[in-house]
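Each chain, written out:
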Amino acid sequence: MSGPAEDRSGQVNIRLPRMLADEAGGVRQLSLELRRDSTVGSLLAELADRYPILGRRLRDETGALRRFVNVYLDGEDVRQLAGLQTPVKVGDEVSILQSVAGG
Amino acid sequence: MTTTADRTAGDLTAGDTVLAIGTKKGLWFASSSDREGWTLSQPHFLMREVPSVALDAREGKVRILTGVRSEHWGPTVAHSEDWGATWVEPDHGAIQFPADTGAALERIWQLQPDSADRPGVVWAGCEPISVWKSTDGGQHFELSRGLWDHPHRSAWGAGYGGAAVHSVSPDPTDDQQVHVAMSTGGVYRTLDGGKSWAPHNNGISAYFMPDPNPEFGQCVHKIARDATDPNRLYAQNHHGVYRSDDAGQSWQSIADGLPSDFGFVMLAHPRNGDTVWVIPLVADGERIPPEGKLAVHRSQDGGKTWSRFDTGLPTSCFNAVLRDAAAVDSQDPTGVYFGTRDGTVYASKDGGESFSTVAEHLPDILCVRAVRVP
């Protein structure tokens, strides 16, 4: 993993909401190395390996994305694509945002 | 009078009383040297609900355990041994359903330290309906497979708040006997430390079912164990107030003398047998205090007779008190504490006979617990 200034081809940028920065070592943007078969789900699993508490904030113990967590791949809600099976390619940007919920 | 302090509720000294107040939008502490004047902390876990909290003082210090839930980021258990200055959350979660269950934790409804001679043992009741046991002070919990795999599971239902084990009552004289209550399902008991569980609802009504006296399926709101007789239990039901003298094998109504048999709270005295408190609401379809006058009712004879107390409580109150939003302390006279859904917390230092206001205008009060600083 590296900071945004060290991005290079073969990596994907992941943006986190402010509320989860503490669970990712204090950063809101980070990069992960892509594998040939990387998907949104595999990236979230890799995030969880490195930052277990962050991983639990995003997905429950069955691996499902939490109901009010939205993941966008280049601006598209992955729930409208192939969900966690959505493939990710070099240069894509994954944005994680909390949905509008609560009162 | 209430003042505000930092996140740790001011400078605490031995003998102070501390309340942990879990709400819909965070956790507050209130502290007092005399149980009349209170200092309220700044919020912890702001914008996350705290439906369960435990103040575990069994080992000469106070370990605070919280069940926290975010609408966005899910549930978790965090603990603190410095009055909330720092919180610790196990990386992989204190409560996590095993993969083979295919289930995910929704909400931690109850965190219950076991008796004083079983340090480190903490029980949890959760949604989906499940009971968990920790032997390391609440850092990691193990699922009771006996209850999870129970043949009744498919017939258990969900109350308005969700399908959960909300009450866990370990027997202080028998480490193999534990009673739990779930909504809906009723009371279940294990006699083998959680390996197997059997329903114990004989005599408890389920008027909302075709058979009003089923083996299970009742909506028991809260159970409490008598201080001196471990086989005596009390239950506030979804209509019905009961006592069992045989460890839950049969239940008898003790609602006579109360203005209503509906409510959520059931508190037992920490030392005196036969002494319990309830806070009646009109009915399931009218969840407000009778006549809008908030009052606590106490029995000192096992529910044969009840006394009503409202000194210091509002005479125009249209809010409920939820099942865990009430607690007693271990002092003499016993302190009684509770909070309403309008965010007001009340304290009594005379066994529930008169009350003062601890805090107002907090979010909905979900749970209250009290401890004396060692």
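As the structure is a computational prediction, the values presented were derived from the model and not from experiment.

1. Description of unusual backbone geometry
All names here are of chain B.
Thinking step 1. Along the chain, E127 connects to P128 via a cis peptide bond; the corresponding omega equals 0 degrees.
Thinking step 2. Looking at the element boundaries, P128 is found in the loop between β9 (122-127) and β10 (130-134).
Thinking step 3. Look at the link from D332 to P333: it is a cis peptide, with omega at 0 degrees.
Thinking step 4. With respect to the helices and strands, P333 occurs in the loop between β26 (326-328) and β27 (336-339).
Thinking step 5. Phi at M47 is positive, roughly 75 degrees, even though this residue is not glycine.
Thinking step 6. Position of M47 relative to the elements: it lies in the loop between β4 (38-40) and β5 (49-56).
Thinking step 7. Phi angles above zero are rare outside glycine, and E291 is one such case at about 60 degrees.

2. Some thoughts on the sheet that holds strand β28 (residues 345-348) of chain B
Residues and elements named next belong to chain B.
Thinking step 1. Strand order in this open sheet of four strands is β26-β27-β28-β29, and the pairing throughout is antiparallel. Unpaired on one side and paired on the other, β26 and β29 (356-359) mark the two borders of the sheet. Neighbour-to-neighbour, the strand axes of this sheet turn through a mean angle of 20 degrees, independent of strand direction.
Thinking step 2. Bridge count between β26 and β27: three bridges; the pairing is antiparallel. Residue pairing for β27: A326 is matched across the bridge by F338.

3. Describing the sheet that holds strand β13 (residues 178-183) of chain B
All names here are of chain B.
Thinking step 1. Pairing in this open sheet of four strands is antiparallel, and the strands run β12-β13-β14-β15 from one edge to the other. The two strands at the open ends of the sheet, each matched to only one other strand, are β12 (164-170) and β15 (198-199).
Thinking step 2. Of the strand pairs in this sheet, β13 and strand β14 (residues 186-190) are connected by five bridges, and their pairing is antiparallel. When the bridges of β14 are listed, A181 appears paired with V187.

4. Brief notes about the pairing of strand β3 (residues 69-73) of chain A
Residues and elements named next belong to chain A.
Thinking step 1. Every second residue of β3 is oriented toward a common face, the buried set being V69, V71 and L73 and the non-buried set N70 and Y72.
Thinking step 2. In terms of strand pairing, β3 meets strand β4 (residues 76-77) through two bridges, oriented antiparallel. Residue L73 lies in a different strand from β4, and its bridge partner there is E76.
Thinking step 3. As consecutive antiparallel partners, β3 and β4 are separated by two residues, and within that stretch D74 has a phi angle of approximately 50 degrees, a positive value.

Here is what the cut-offs are and how they apply
- Residues numbered from 1 in each chain as written.
- Chains lettered and ligands numbered in written order.
- Predicted model: local features only at pLDDT ≥ 70, side-chain atom pairs only at ≥ 80, totals over all residues.
- Helix = DSSP H or I, 4+ residues; strand = E, 2+ residues; numbered from the N terminus.
- Pairing = 2+ DSSP bridges.
- Axes fitted to C-alpha atoms, helices over the stretch in contact; angles between N-to-C directions.
- Buried ≥ 20, exposed ≤ 12 C-beta atoms within 10 Å, placed from the backbone.

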